[in-house]
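One letter stands for each residue in the lines below.
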Amino acid sequence: MLFFDLEAYAPPSDRATSLSSLVVNPARPSHLLLGGCFFSKRFEDPIPETPEVQGLWLWNFESEAALLRAIKARFEQEWQRQRDEGVRILGKPAKDLVVCGAGIAKFDLPALYCRSLFNEIADPAELFEVFFKARPIDLANEASFLFPEEPVLYPKTTKEMAGRLGLRELKGSSKGVWERYESRDYAAIEQRTAEELRLVMELYKRLQARVVRSGRHG
C-alpha cells in the first residue's frame, strides 16, 4: 500500500475565489502541483518507527509535467507490487492498489488527475485507471468513531485526529507553503511534508490498533 501527501501552490490573485476552505484548485491553469512525499509497505509489514519517505518535488524536475510523469510511474510501480504480493482480504484477492493519506479523496487524487490532464502526460482513460481506480483510505473519513460525542458523521482534520490520539499536528496553514515556495525555501517545504506524512502513518497505526482491539473484544 502507498502512503502519500502532496503540496500545491495557489497564486495570490486566486486566494479569495474559493467556495471552500481548500483554496487550491488544480483545474485552474495557474495552480501548480509542487510535489510530495511517498512511502510504501506490504500490507502485513509494520510501519517503521522512523520511516524513510521519498520526496518528488517540482524543483528537482525540468517541468510540472516531468514531475507528474514520475509520480504516475510511482503509482504504476505500486500497482504491480501490490498485485505481486498476492494478499487476500476477507477471502478475496486485493488486486486494487490501496493508497492512504489525510484528505486524499478530496484533494490529492483529484489534483493528480487534473494536473496530469492539464499537462497532457497521458490519455484521460489511462490516468483514471492509475489514480481513481486505486482504493483510498482517507483518514479524514475514517476517524468519526473517535468522536462519539459528535452525532454528525463529518470528515475530521488531521489536527482533530491527532489531538484525539495524543499526537500533535504541526503542519499549519497551506499559506506557509506558498510563502516558502515564493521565497524558494524548498528545504522547509520538503521537511514539513515529510513530517506530515510520518504523522499520517502514525495516525493510521493508532487507528488500526483501535479497530483491531475493538474487534477482538467485540
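Values in this document were obtained by computation on a predicted structure and should not be read as measured data.

Peer 1: Now, about the overall build of the protein chain: what can you tell me, with residues and values included?
Peer 2: Helices and strands together make up the secondary structure of the protein chain, namely 7 helices and 7 strands. Mapped from its N terminus to its C terminus, the protein chain presents α and β elements in the order β-β-β-α-β-β-β-α-α-β-α-α-α-α. Against the globule reference of 17 Å for 218 residues, the protein chain gives a C-alpha radius of gyration of 18 Å, in line with a compact fold. By the burial criterion, 45% of the 218 residues in the protein chain qualify as buried.

Peer 1: Break down unusual backbone geometry for me, with residues and values.
Peer 2: Unlike most non-glycine residues, Leu 90 shows phi in positive territory, near 55 degrees. For Leu 90, a relative accessible area of 83% translates into the label exposed. Phi angles above zero are rare outside glycine, and Arg 184 is one such case at about 65 degrees. Residue Arg 184 is classed as exposed on the basis of its relative accessible area of 66%.

Peer 1: Pulling in residues and values, what's your account of the layout of surface pockets?
Peer 2: The space that makes up the second largest pocket amounts to roughly 440 Å³. When residues of the lining of the second largest pocket are traced back to their parent elements, those giving at least two are strand 4 (88-89), strand 5 (92-93), strand 7 (135-138) and helix 7 (186-217).

Peer 1: So what's going on with the packing of helix 1 (residues 64-85) against helix 2 (residues 104-118)? Which residues, and what values?
Peer 2: Each pair of packed helices can be summarised by the angle the axes make with each other and by the distance between the axes. The N-to-C vectors of helix 1 and helix 2 enclose an angle of 130 degrees; their axes lie 10 Å apart at closest approach. As the angle between them shows, helix 1 and helix 2 are arranged oblique. With respect to the hand of their crossing, helix 1 and helix 2 are arranged in left-handed fashion. Contacts between helix 1 and helix 2 pair Glu 64, Leu 68, Ile 71 and Phe 75 from the former with Leu 109, Leu 112, Arg 115 and Ser 116 from the latter. Counted by class, the contact of helix 1 with helix 2 contains 5 nonpolar, 1 polar and 2 charged residues.

Peer 1: How would you summarise helix 2 if you had to cite specific residues and measurements?
Peer 2: Between the first and last C-alpha of helix 2 there are 19 Å, a value that for 15 residues agrees with the 21 Å anticipated at 1.5 Å per step. The principal kink in helix 2, of about 30 degrees, is found at Ala 111. Residues of helix 2 that are buried include every one of Ile 104, Phe 107, Asp 108, Leu 109, Ala 111, Leu 112, Tyr 113, Arg 115 and Ser 116, and no others. Residues of helix 2 that are buried sit in contact with strand 1 (2-9), strand 2 (32-40), helix 1, strand 6 (98-101), helix 3 (124-132) and strand 7. Backbone geometry just downstream of helix 2 places Glu 120 in the positive-phi region, at approximately 55 degrees.

Peer 1: Which residues make up the environment of Leu 67, and what are the values?
Peer 2: Following the sequence through the fold, Leu 67 ends up in helix 1. On the basis of relative accessibility, which here comes to 0%, the residue Leu 67 falls in the buried class. Look past the residues within four positions of Leu 67 in its chain and what remains in contact with it is Leu 33, Leu 34, Gly 35, Leu 56, Trp 57, Leu 58 and Phe 61.

Peer 1: So what about the pairing of strand 1? Which residues, and what values?
Peer 2: Among the 8 residues in strand 1, 8 count as buried, and that is most of the element. Residue alternation in strand 1 divides its side chains into two sets, Leu 2, Phe 4, Leu 6 and Ala 8 and Phe 3, Asp 5, Glu 7 and Tyr 9, and both sets are buried. Here 8 bridges tie strand 1 to strand 2, and the two strands are oriented antiparallel to one another. Bridging across to strand 2, Leu 6 finds its partner in Gly 36. With 2 bridges connecting them, strand 1 and strand 6 associate as parallel partners. Within strand 6, the position partnered with Phe 3 by the bridge is Cys 100.

Peer 1: I'd love a proper account of the environment of Glu 120, names of residues and values included.
Peer 2: Secondary-structure assignment places Glu 120 in the loop between helix 2 and helix 3. As a C-alpha pair, Glu 120 and Ala 65 span 55 residues in sequence and 7.8 Å in three-dimensional space.

Peer 1: Go over the packing of aromatic side chains with me, naming the residues and quoting the values.
Peer 2: A full pass over the atoms with the stated rule returns 13 aromatic pairs. With a centroid separation of 5.5 Å and 80 degrees between ring planes, the pair formed by Phe 4 and Phe 75 is classed as edge-to-face. Here Phe 4, found in strand 1, pairs with Phe 75, found in helix 1; they are 71 residues apart in sequence, far enough to count as distant. The pair Phe 4 / Phe 75 is uniform in exposure class, with both members buried. Each ring, one from Trp 59 and one from Tyr 186, has its centre 4.2 Å from the other, and the planes form 5 degrees; the classification is stacked. Residue Trp 59 is located in the loop between strand 3 (54-57) and helix 1, and its partner Tyr 186 is located in helix 7; the two are separated by 127 residues in the primary sequence. On the basis of relative accessible area, Tyr 186 is assigned to the partly exposed category, the value being 23%. The rings of Tyr 9, Trp 57, Trp 59, Tyr 181 and Tyr 186 are connected pair by pair, giving a single aromatic cluster.

Rules behind the numbers
Residues numbered from 1 in each chain as written. Predicted model: local features only at pLDDT ≥ 70, side-chain atom pairs only at ≥ 80, totals over all residues. Heavy atoms only, no water. Helix = DSSP H or I, 4+ residues; strand = E, 2+ residues; numbered from the N terminus. Rg over C-alpha atoms; globule rule 2.2 N^0.38 Å. Buried < 20%, exposed > 50% of the residue type's maximum accessible area, 1.4 Å probe, protein only. 1 Å grid on protein atoms, 1.4 Å probe; cavity = no way out; pocket = protein on both sides within 12 Å on 5 of 7 lines; lining within 4 Å. Points joined across faces, edges and corners; volume = space filled by probe spheres on them. Axes fitted to C-alpha atoms, helices over the stretch in contact; angles between N-to-C directions. Parallel < 35°, antiparallel > 145°, perpendicular 65-115°, else oblique. Left-handed = near helix turned anticlockwise from the far one by under 90°. Contact = heavy atoms within 4.5 Å. Nonpolar A, V, L, I, M, F, W, Y, C, P; charged D, E, K, R; others polar. Expected span 1.5 Å × (residues − 1). Bend = angle between axes of the 7 residues up to and from the residue. Pairing = 2+ DSSP bridges. Phe/Tyr/Trp six-rings, centres within 6.5 Å; stacked < 30°, edge-to-face > 60°.

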